[in-house]
Amino acid sequence: MGMGINERRKMWTFWGHRRHKGPMGFFLLFLLSILPGGPALAGNIVAVEAMDRGAVIRFDDYVSSARVFGLTQPGRIAVDIVGVQAGKSSAQTQVGLMRQGQFNPDTARLVLDLTKSVTVREARFGSDGKSLQLFFAPVAATDFWDQLSRLRLDLFPPDLFRKAPPKDRYSVSVDLPAPRSVKGLPKIYGPNDVTLPLIVIDAGHGGHDPGAISPHGGAHEKQVTLSIARKTRDALVATGRVRVALTREDDHFIVLQDRYGIARRLGADLFISIHADSAGNATARGATVYTLSEVASDREARRLAARENKADIINGVNLGGATGDVSSILIDLTQRETMNVSADFAKMLVFEGTRSLTMRSESHKFASFVVLKAPDTPSVLFETGYLSNEFDAEFLTSAAGQSKVASTLSRAIDGHFSRRLAMR
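Residues numbered from 1 in each chain as written. Predicted model: local features only at pLDDT ≥ 70, side-chain atom pairs only at ≥ 80, totals over all residues. Heavy atoms only, no water.

### Comments concerning the overall build of the chain
So, point 1. Helices and strands together make up the secondary structure of the chain, namely 8 helices and 19 strands.
So, point 2. Burial statistics for the chain: of 424 residues in total, 49% are counted as buried.
So, point 3. Within the chain, residue pairs in contact and separated by at least 24 positions form 75% of the contacts whose partners lie at least 6 positions apart. (Helix = DSSP H or I, 4+ residues; strand = E, 2+ residues; numbered from the N terminus. Buried < 20%, exposed > 50% of the residue type's maximum accessible area, 1.4 Å probe, protein only. Contact = heavy atoms within 4.5 Å.)

In structure tokens, the structure reads:
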């Protein structure tokens, strides 16, 4: 394979907008935190308590506001409370462990690592403004990811008990450099030959988002995925038959849309997002491969077709001059072909995984993970195992285990493209 491939892939545009945060942003945040007019912490979180079908967060002074929202991969519910300092305690609720930390100088973030398919049906401040109650409701497994991604509640305590803004305010004016161009793409490793397949490997989580945290040694998912991604890159480059890029090569955070956006902008032939799972059942173990579900595909195709600015280039075809019906057809055809290629690779990965790894009984599943929604880049999400399981955690945190996962991925990728070349 490799050098015999004579079909050059066309580059595609990326509709997303990258966020740029440089040292100057942190400098301004530091200034605001120390000036008299900067954010003033009203108090502290003094307790996080489980209650019947919910949880309550208590603080010792008034706060400004709160926001409840969902996080995916893995499923979590986050609560940002403005005007309070996080504590150190955690609480085991009926649906998972709730932990807390300081998101920024004026905002505490609590994260509930879900072990059940639930959402927040209601959230409200206590009558005295010094507590916040969350009420959970079960969700059908088929609707869980969609409901979680849509969850967003903005809350304010009663006016009488709401934290008053500081009386004295100061403004700081600083000339900021122009935003960096969005053309800053990751390095491509391997032969300098654009006819070779390009694989983009995404190490899940990163930066302030640790992902799953193992109770067996405390390993963070973001560390495990990055190590596996690097080893997979090295194994693939050693074959000399493909090119490889990583969405991240160090411990920093990337928003979900930018992860598959990088793959689209590079014109990747395959996008693989690496993760490590967590479950309330400590016996759950084994790897799983996810591809995009039919429902998520239909929804994404409708969303793309309905965009006011349809100057998206899908699989080399510019939709800017197409009617709504034509756009829908082109997107649907492209998405179906992409899903077929993704499923083909998933089968190859399951085949290789059953020979060298512990795989779940249902090794190939379908889900609406955001990172799988590129309409023209075959994509899979590989849950390499469960950090909540003692045996999986020991395997995934060891150099030998990570190398085994990397070699499994390398063989699956080699087999996948060899097969596609033979079919051509």
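Now that the structure has been shown, we can carry on.
### Comments concerning the sheet that holds strand β10 (residues 152-155)
So, point 1. On the basis of which strands lie adjacent, the open sheet formed by 6 strands has the order β5-β6-β7-β4-β3-β10 and antiparallel pairing. Bordering the open sheet on either side are β5 (91-93) and β10, each of which pairs with just one other strand. The average angle at which neighbouring strand axes cross in this sheet is 20 degrees, direction not considered. (Pairing = 2+ DSSP bridges. Axes fitted to C-alpha atoms, helices over the stretch in contact; angles between N-to-C directions.)

### Points about the layout of surface pockets
So, point 1. By volume, the second largest pocket is sized at about 1,200 Å³.
So, point 2. In terms of lining, the second largest pocket is formed by 44 residues, of which the most central are G75, F144, W145, D277 and S278.
So, point 3. Secondary-structure elements contributing two or more residues to the lining of the second largest pocket are β6 (96-104), β7 (107-114), α2 (144-150), β15 (287-292), α5 (294-305), β18 (359-367) and β19 (379-386).
So, point 4. For the lining of the second largest pocket, the element with the highest residue contribution is β18, accounting for 4 residues.
So, point 5. Along the lines of polarity and charge, the residues of the lining of the second largest pocket split into 19 nonpolar, 15 polar and 10 charged. (1 Å grid on protein atoms, 1.4 Å probe; cavity = no way out; pocket = protein on both sides within 12 Å on 5 of 7 lines; lining within 4 Å. Points joined across faces, edges and corners; volume = space filled by probe spheres on them. Nonpolar A, V, L, I, M, F, W, Y, C, P; charged D, E, K, R; others polar.)

### Describing unusual backbone geometry
So, point 1. Phi at R53 takes a positive value of approximately 60 degrees, unusual for a residue other than glycine.
So, point 2. Relative to the assigned elements, R53 resides in the loop between β1 (45-51) and β2 (54-59).
So, point 3. We classify R53 as exposed; its relative accessible area is 51%.
So, point 4. Here the phi dihedral of H205 falls at roughly 65 degrees; this positive angle occurs in a residue that is not glycine.

### Comments concerning the sheet that holds β2
So, point 1. Overall, antiparallel pairing links the 4 strands, which are arranged β1-β2-β9-β8 in an open sheet. Of all strands in the sheet, those with a lone pairing partner are β1 and β8 (118-125), marking the two edges. When strand polarity is set aside, the average angle formed by the axes of neighbouring strands in this sheet is 20 degrees.
So, point 2. Relative to strand β9 (residues 131-138), β2 runs antiparallel, the two being bridged by 5 bridges. Looking at β9, one finds that R58 is bridged to S131.

### Thoughts on the packing of aromatic side chains
So, point 1. Tallied over the entire structure, the rule returns 2 aromatic pairs.
So, point 2. With 4.9 Å between their ring centres and 55 degrees between their planes, F144 and W145 make a pair best called tilted.
So, point 3. One Lys or Arg, R109, reaches over the ring of F103 and ends 3.9 Å from the middle of that ring.
So, point 4. In this structure, R233 packs its charged tip against the face of Y189, placed 4.8 Å from the ring centre. (Phe/Tyr/Trp six-rings, centres within 6.5 Å; stacked < 30°, edge-to-face > 60°. Lys NZ or Arg CZ within 6 Å of the ring centre and 35° of its normal.)

### Let's talk about the side chain of S342
So, point 1. Among the structural elements, S342 can be located in helix α6 (residues 324-356).
So, point 2. Discounting residues that sit within four places of it in the chain, S342 has contacts with T291, P378, S379 and V380.

### Concerning the nonpolar core
So, point 1. Ranked by internal contacts, the top residues of the largest apolar core, which has 35 residues, are I199, I201, I272, V289, F345, F382 and I413.
So, point 2. Membership of the second largest hydrophobic core comes to 32 residues, among which are I45, F59, I81 and A108. (Core = buried A, V, L, I, M, F, W, Y, C linked by side-chain atoms within 4.5 Å.)

### Some remarks on the pattern of salt bridges
So, point 1. Inspection of the entire model under this criterion finds 19 salt bridges.
So, point 2. Here D202 makes a salt bridge to R259, at a shortest N to O gap of 2.6 Å. Of the two residues, D202 sits in strand β12 (residues 198-203) while R259 sits in helix α4 (residues 256-266), which places them 57 residues apart along the sequence. For the pair shown, D202 and R259 are each scored as buried.
So, point 3. A salt bridge links R285 to D392; the nearest nitrogen and oxygen atoms lie 3.1 Å apart. Placement of the pair is R285 in the loop between β14 (270-277) and β15 and D392 in helix α7 (residues 390-396), with a sequence separation of 107 residues.
So, point 4. Taking relative accessible area as the criterion, R285 reaches 32% and is therefore assigned partly exposed. (Salt bridge = Lys/Arg side-chain N within 4 Å of Asp/Glu carboxyl O.)

### Let's talk about α4
So, point 1. For α4, the tally of buried residues reaches 9 of 11 residues, placing the bulk of the element in the interior.
So, point 2. What α4 keeps buried is the set D258, R259, Y260, G261, I262, A263, R264, R265 and L266.
So, point 3. Positive backbone phi, approximately 70 degrees, marks G267, located one or two places after α4.

### What about helix α3 (residues 221-239)?
So, point 1. For α3, built from 19 residues, the straight-helix expectation of 27 Å at 1.5 Å per residue is met to within 8% by its first-to-last C-alpha distance of 27 Å.
So, point 2. Among all positions in α3, only E221, K222, V224, T225, L226, I228, A229, T232, R233 and L236 are buried.
So, point 3. Downstream of α3 by one or two residues, G240 has phi in the positive range, about 75 degrees. (Expected span 1.5 Å × (residues − 1).)

### Some details on the environment of L134
So, point 1. Note that L134 resides in strand β9.
So, point 2. Assessed through its relative accessible area of 0%, L134 is described here as buried.
So, point 3. In sequence terms L134 and I57 are 77 residues apart; their C-alpha atoms lie 8.4 Å from each other.

### A word on the confidence of the model for the chain
So, point 1. Chain-level pLDDT for the chain is 78 on average; 74% of the residues reach the 70-or-more range.
So, point 2. The low-confidence segment residues 1-41, where pLDDT is below 50, has 96 contacts with residues more than four positions distant or belonging to other chains.
So, point 3. Throughout residues 166-172 the model reports pLDDT below 50, and contacts reaching past four residues in sequence, or to other chains, amount to 10 contacts. (pLDDT = per-residue confidence, 0-100.)

### Here's the deal with the side chain of S356
So, point 1. Topologically, S356 is positioned in helix α6.
So, point 2. You can call S356 buried: its relative accessible area is 18%.
So, point 3. At 2.7 Å, the side chain of S356 forms a polar contact with the side chain of T408.
So, point 4. Of note is the side chain of S356, whose polar atom sits 3.1 Å from the side chain of R411. (Polar contact = N/O pair within 3.5 Å; in protein donor to acceptor, adjacent residues only side chain to side chain.)

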